[in-house]
Amino acid sequence: MRIWLFLLVGGLLVAAAGRDWLDRWVDRTELPVLMADTSVEVVDRDGRLLRAYTVDNGLWRLGAGQDAVEARYINMLVAYEDRRFWRHKGIDLRAFVRAAGQAILHGRVVSGGSTLTMQAARLLEDSGTGAWQGKLRQIRVALALERRLSKQEILQIYLTHAPFGGNLEGVRAATLSWFGKEPHRLTSAEAALLVALPQSPNARRPDRHPKAAEIARDRVLYVAEKQGVLTPEEVLSAQMTPLPGARQGFPALAPHLSDRAVRAAPGAVWHKLTVDLDVQKALERLSVDVVRGLGRRLSVAVVVADHQTGEILASVGSAGFSAADDRHGFIDMTQAKRSPGSTLKPLVYGLSFDQGLVHPESLISDTPVRFGRYVPQNFDGRFRGELRVRDALEQSLNIPVVMLTEELGPANLMAAMRRAGMAPDVPGGAAGLAVALGGVGVSLEELVTLYAMIPQGGVERPLHWRMGEKVDVRQQVISRSAAWHLGHILSGIAPPKGAPRNGLAYKTGTSYGHRDTWAIGFDGKHVAGVWIGRPDGTPVPGAFGAEVAAPVLFEVFQRLKPKLDVLPPPPPETLMVGNGQLPEPLKRFRGRNAVFAAPKDALELAFPPEGARLSGVEDGVTIKVKNAVLPLTFLANGAPVITDARATDVILPMDGKGSATVTVIDAKGRSDRVTFWVD
């Protein structure tokens, strides 16, 4: 009896010593890095994936926790791989005994005894499965993991590191590549395939070995039914589901903006942008469609923002993110500094309204002018004479806006651009009058920022693309009334051919040499800009913003929403009267040299305008005179042609083609003259 008691006590002591030794052995375990690098992700405002980046070794490895994965996948995984996962401490002795018995009975390995914790240990260290030394190491690491981590944390290691064929690691990378969706939306058939793949990820790839993949998937479905995870009906439906025939590409939306986000915060693995995935996707498709109908080497860029919040909702830097084509798609043309053409003209007019130089109903002259050596011309080479300021802006005439810029001073125009949130580049460093016509470098995003200010009552509206970013700088660029006048005028511009007359406030621009075409527009909530041209800066002969970029701008708003938001009402201080009710100084624009200008009742040769080109005048040129005292004398190139004329409208015979100078002299001896060209 004593000997048995002695043996019992000795056995207990040995067991205790063995347990203590095992505890110390497990506690001394040096664990590998528990979570390797995962792919950097860029997501939209709702957390939807826009773009992901591979880790250093070219693997797609996206993080995924249990809460981000469809529950049926977790249940099927546990049922198939480790049914006692939630209860054991890292190893399952019953599974080991079963696996050993089956191996002895069949003479080969029929089933494994590895738990999910042991598989997580193997994945962390990339250790083999066959050699007993490797299996012993997995057991030790598994026991240590169970002591230091929760079951959910261990499961996350498996979900992040499990191989799924090729360069795919982790269930989230697998679902995106094989099924094109996130893992919280898996079907039973899809979940079963993903349970089966990690055991032989390359031998069971459905795109290369569909039969092996189908057999493995159906085996998982059989076990899931046997364990009560799936019903027979669910299993039958899953077995009839075809396997994916090819891998899908990972999302690569907003690639230029995604790269900007990563460069701005290189240490972050998750970047949340203000971009709306649906809007971004729609405008990227539109951009591809647009360039398909254009010539070689042309590209397009689009920026859309909510001017009420300043959030950029879409940013398309090119019509395809590639360095392999002749469109230079890798260049982000939303950031490139280019000549804006006529798109700065609204700012000039807004500043002029505030300075009391003009009102939208003021009259202004569109006639030949010279500023030293600078002689501005309208785009078509014609002159319109005297017209309303609003008409000059609607028609995008050059001479009136240059005259206003001279009065304002180019430096003040540049200062206003900076107050609006722009960072213009001036060739040579000194701004001249040509700035008003695009003689400055700005980006598409900056122009959209400028136009966002107008519906915001003239207050600076900085744009931002990182979700949650606070932008506090708000400066008054132009007054509320000036901003309303601009919106009212721009919304009255006729839309391009085929576009709806929906009241979109917009302005087009074409840079010198037809290198860049622009269209920027806004309604009561959104602002958008379109650039079309060649990224290398070479000319595009015959391209005009009104014909090329404007139709795309209207299409952008149609894809953005079904109906435009109305513009804000005029503020109470807005002066809304006709020319006759304006104060005398505002009825007609008079620049700083007005004291030397001719009186308003001076004799004027009103038609043809200075510099005009006329054709089809075989029967003579119609001459019209204003403010004349009859009779009149007309000279052509210095020679009298008509004398003692008793009418202010006459037909002057012309000999031949070329330049002609016509002079009129009235009864008071006053004279005026114009020079034009006969084709």
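Here the structure is shown first, and the text comes after it.
Keep in mind that what you see is a predicted model, and the values were worked out from it rather than measured. (Residues numbered from 1 in each chain as written. Predicted model: local features only at pLDDT ≥ 70, side-chain atom pairs only at ≥ 80, totals over all residues. Heavy atoms only, no water.)

(A) Spotlight on the sheet that holds strand β19 (residues 658-665). Pairing within the open sheet is mixed, and its five strands lie in the order β14-β20-β19-β16-β17. Each edge of the open sheet is held by one strand with a lone partner, namely β14 (613-614) and β17 (639-645). Bridge count between β14 and strand β20 (residues 671-678): two bridges; the pairing is parallel. By the bridge assignment, L614 is partnered in β20 with V678. (Pairing = 2+ DSSP bridges. Helix = DSSP H or I, 4+ residues; strand = E, 2+ residues; numbered from the N terminus.)

(B) Here's a closer look at the side chain of S188. Structurally, S188 can be placed in helix α8 (residues 188-196). Ignoring anything within four residues of it in the chain, the contact list for S188 reads R72, M76, L221, L230 and A238. (Contact = heavy atoms within 4.5 Å.)

(C) Here's a closer look at helix α19 (residues 545-560). Look at α19: 21 Å from first C-alpha to last across 16 residues, which is about the 22 Å you get at 1.5 Å a residue. Within α19, burial applies to G545, A549, A550, V552, L553, F554, V556, F557 and L560. The secondary structure elements touched by the buried residues of α19 are α12 (277-292), β6 (299-306), β10 (505-510), β11 (516-522) and β12 (526-533). (Expected span 1.5 Å × (residues − 1). Buried < 20%, exposed > 50% of the residue type's maximum accessible area, 1.4 Å probe, protein only.)

(D) Expanded view of the pairing of β11. The element β11 is extensively covered by neighbouring structure, given that seven of its seven residues are classed as buried. Residues of β11 alternate between two faces, with D516, W518, I520 and F522 on one and T517, A519 and G521 on the opposite face, all of them buried. Examined bridge by bridge, β10 and β11 share six bridges and lie antiparallel to one another. Residue pairing in the sheet places T508 in a bridge with A519 of β11. Linking β10 back to β11 in an antiparallel pair, the connection comprises five residues, with G513 at a positive phi of about 80°. Linkage of β11 to β12, two consecutive antiparallel strands, is achieved through a turn of three residues.

(E) View of the sheet that holds strand β2 (residues 49-52). Spatially, β2-β1-β5 is the arrangement adopted by the three strands of the open sheet, whose pairing is mixed. Every other strand in the sheet has two partners, leaving β2 and β5 (270-272) as the edge strands with one partner each. For this sheet, the mean angle separating the axes of adjacent strands, direction not counted, is 20°. Sheet topology note: the strand β1 (residues 41-43)/β2 ladder contains three bridges and is antiparallel. Across the sheet, the residue bridging to V42 is R51, located in β2. Packed onto the sheet, helix α11 (residues 255-264) meets β1, β2 and β5 and runs at close to 65° relative to β2. (Axes fitted to C-alpha atoms, helices over the stretch in contact; angles between N-to-C directions.)

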